[in-house]
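# Per-entry structural report
For reference, the chains in residue letters:
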Amino acid sequence: MPRASAGRLAWTGVGHLTTTATWGAYPSHTLDDVQSGIDVVHNALLLDGPGRTVVRGPFRPSPRSVVHREMVMSPKPPWFVTNRTADTTGRLLTDFAATPRWSALPRIFASAPRG
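Described below are features of the structure shown in this document. Predicted model, so just to flag it, every value in this text is computed and none were measured. (Residues numbered from 1 in each chain as written. Predicted model: local features only at pLDDT ≥ 70, side-chain atom pairs only at ≥ 80, totals over all residues. Heavy atoms only, no water.)

With that out of the way, let us pick up the overall build of the chain. When you go through the chain residue by residue, the secondary structure sums to four helices and two strands. Mapped from its N terminus to its C terminus, the chain presents α and β elements in the order α-β-β-α-α-α. Burial statistics for the chain: of 115 residues in total, 22% are counted as buried. Taking the contacts inside the chain whose residues are at least 6 apart along the sequence as the reference set, 44% of them involve residues at least 24 apart. (Helix = DSSP H or I, 4+ residues; strand = E, 2+ residues; numbered from the N terminus. Buried < 20%, exposed > 50% of the residue type's maximum accessible area, 1.4 Å probe, protein only. Contact = heavy atoms within 4.5 Å.)

What follows is the structure, given as structure tokens:
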């Protein structure tokens, strides 16, 4: 299996939130030598013995990304600790997930970019 470069790897939580990305222990651990665990979850594609999932993406937020000529995730994801509207945006997204409706979208789109 090729090694992943340490360059532009995204936060591991992004991989966990992606439903098709496997998440869990490295294969071949046994009950005698558990280390990080024994199995994986989120194997929605039913891959036989997945090794790992590598998520790549922009790491530097704006404006530092401009200096390095990198793309940036915008708006800032609500799980970032530096997101100023994480509580409001998270609440709005949760309400939308529970009861999807077009009328809720303007408030979400107004709150998210201010993070």
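After that view, the rundown keeps rolling.
Here His42 is to be found in the loop between strand E2 (40–41) and helix H2 (64–67). Taking relative accessible area as the criterion, His42 reaches 31% and is therefore assigned partly exposed. In this structure, the C-alpha to C-alpha distance between His42 and Thr22, residues 20 residues apart in sequence, is 4.9 Å. Not counting residues up to four positions away in its chain, the partners in contact with His42 are His16, Thr18, Thr19, Thr20, Ala21, Thr22 and Trp23.

The subject of this paragraph is the side chain of Ser111. Mapped onto the elements, Ser111 comes out in helix H4 (residues 105–111). On the accessibility criterion, Ser111 (1% relative accessible area) is buried. A polar atom in the side chain of Ser111 sits 2.7 Å from the side chain of Thr89. (Polar contact = N/O pair within 3.5 Å; in protein donor to acceptor, adjacent residues only side chain to side chain.)

Another aspect to go through is unusual backbone geometry. The backbone of Leu46 sits at a positive phi, close to 55°, despite the residue not being glycine. For Leu46, a relative accessible area of 72% corresponds to the exposed category.

A word on a nonpolar patch on the surface. Residues Leu31, Val34 and Ile38 make up a contiguous nonpolar surface patch of roughly 290 Å² in combined accessible area. Its place among the elements puts Leu31 in the loop between strand E1 (23–24) and E2. (Patch = residues over 30% accessible without salt bridge, like charges linked within 9 Å, V, L, I, M, F, W, Y side chains within 5 Å. Areas by Shrake-Rupley, 256 points an atom, 1.4 Å probe, with all protein chains shown as cover. Salt bridge = Lys/Arg side-chain N within 4 Å of Asp/Glu carboxyl O.)

Below, the discussion takes up the side chain of Thr85. Mapped onto the secondary structure, Thr85 falls in the loop between H2 and helix H3 (86–98). Not counting chain neighbours up to four residues away, the residues in contact with Thr85 comprise Gly90, Ser111, Ala112, Arg114 and Gly115.

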